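# A closer look at the structure
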Amino acid sequence: MPKSALIVQVDGIDKLNFASTKSQEYPIFGASASNSLDLLNSRVSNHVNVDFEDHLDTISAISEVYGDIKPVVGKTTSSLKPSNYVADKHFLYNVAIINELADKIKAKSSIANVVTVRISLNELASVHETSSTAFADAKKILTRAIENLIDAAENSNDGNILVATITSKDDLSRAKRAAPEMRQEIPSDLNLAKSYSSNYPVIFNIILWFGVVLFFSLLAICYAIADMDPGRDSIIYRMTSTRMKKDN
């Protein structure tokens, strides 16, 4: 029975190519991995949750168990350019935190009951193509950092530890379209104009020109009636013969 568990979740890629051939792959169905990890952390008191969505909480969680950490981003020989792209800078900083966590575990020779690490490559994918050299280098750097963390965790418990890596690749364009739009509440005291639908100009023009045509039609009819001769223009005058009938 393993004494500890190390779970690494990586979003944005299909799989990680570890050097070890002992790993097994299994598909995951049902609830998302993040929800499952949140539930696991809530049920275990001695845990370290490394979630790179919030660096302050991540550093605080690590420091609470292993002491203060000072992640240092070293010079990289890869095609990543942290000086040009913020996504590259964030990624290398996250990797530095993972390496710092591995060093702390090695130095202390102990690991919490549950250690969860969550990192996403979606930000990198939005800057670099997934088939680019920069993205491939990022996968290699992350794989080495995770392998270093796994080695540190296994050595701290003499191999009596459960290690799992979860990878998932989402369709970013579909996720963006499916995301609900956040509507901000507008204060009522701004004296803004009333908003109209896109059909308003069409309806307005139909009513306007129908009214104009109807007005001039009625005007022409009224003028014709006013200028009419009751005798000459009357239909009775036209249908009645001018000859007088004589009695025999």
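Residues numbered from 1 in each chain as written. Predicted model: local features only at pLDDT ≥ 70, side-chain atom pairs only at ≥ 80, totals over all residues. Heavy atoms only, no water.

To continue, consider the packing of aromatic side chains. Taken as a whole and judged by the stated rule, the model has 2 aromatic pairs. Ring plane angle 25° and centroid distance 6.2 Å describe the contact between Y200 and F204, whose orientation is recorded as stacked. On the criterion of helical spacing, the pair formed by Y200 and F204 is a turn pair, its members being 4 residues apart in helix α7 (residues 200–226). The exposure class assigned to Y200 is partly exposed, which follows from its relative accessible area of 40%. Its relative accessible area of 44% is what places F204 among the partly exposed residues. Plain terms: the ring middles of F215 and F216 are 5.3 Å apart, the flat faces sit at 80° to each other, and that makes the pair edge-to-face. As far as the burial class goes, F215 and F216 line up, both exposed. (Phe/Tyr/Trp six-rings, centres within 6.5 Å; stacked < 30°, edge-to-face > 60°. Helix = DSSP H or I, 4+ residues; strand = E, 2+ residues; numbered from the N terminus. Buried < 20%, exposed > 50% of the residue type's maximum accessible area, 1.4 Å probe, protein only.)

Here we take up the packing of helix α2 (residues 55–66) against helix α3 (residues 86–108). Contact pair α2 / α3: the axes reach a minimum separation of 11 Å and the direction vectors enclose 10°. Judged by the inter-axis angle, α2 sits roughly parallel to α3. Of α3, the residues touching α2 (which contributes H55, T58, I59, I62, V65 and Y66) are Y93, N94, I97, L101, K104, I105 and K108. (Axes fitted to C-alpha atoms, helices over the stretch in contact; angles between N-to-C directions. Parallel < 35°, antiparallel > 145°, perpendicular 65-115°, else oblique. Contact = heavy atoms within 4.5 Å.)

A few words on the pairing of strand β3 (residues 114–120). Judged by how many residues are buried, β3 sits mostly within the fold: 6 of 7 residues are covered. By the bridge criterion, 7 bridges tie strand β1 (residues 4–11) to β3 in an arrangement that is parallel. Its bridge partner being in β3, I7 is matched across the sheet by T116. Where strand β2 (residues 47–51) meets β3, 5 bridges bridge the pair, whose relative direction is parallel. Each residue of the ladder has a partner; that of H47, found in β3, is V114. (Pairing = 2+ DSSP bridges.)

The next subject is the sheet that holds strand β4 (residues 161–168). Spatially, β2-β3-β1-β4 is the arrangement adopted by the 4 strands of the open sheet, whose pairing is parallel. Each end of this open sheet is capped by a strand with a single partner; those strands are β2 and β4. Averaged over all pairs of adjacent strands, the angle between strand axes in this sheet comes to 5°, irrespective of strand direction. As paired elements, β1 and β4 share 8 bridges and run parallel to each other. By the bridge assignment, S4 is partnered in β4 with I161. Here helix α5 (residues 133–156) sits on the sheet and contacts β1, β3 and β4; the angle it forms with β1, its principal contact strand, is near 170°.

Let's shift gears to the confidence of the model for the chain. Do not read the fine detail of predicted coordinates wherever pLDDT is low. Model confidence for the chain is summarised by a mean pLDDT of 77, while 76% of its residues fall at 70 or above. With pLDDT under 50 throughout, residues 171–184 is counted as low confidence; its partners more than four residues away or in other chains account for 2 contacts. (pLDDT = per-residue confidence, 0-100.)

What follows concerns the packing of α3 against α5. Axis separation between α3 and α5 bottoms out at 8 Å; the angle between their running directions is 15°. If you check the angle between α3 and α5, you find them roughly parallel. Of the two elements, α3 crosses α5, and the hand of that crossing is left-handed. Of the residues in α5, those touching α3 at F91, L92, V95, I98, N99, L101, A102, I105 and K106 are A138, I141, L142, A145, N148, L149, A152, A153 and S156. Considering only residue class, the contact of α3 with α5 consists of 14 nonpolar, 3 polar and 1 charged. (Left-handed = near helix turned anticlockwise from the far one by under 90°. Nonpolar A, V, L, I, M, F, W, Y, C, P; charged D, E, K, R; others polar.)

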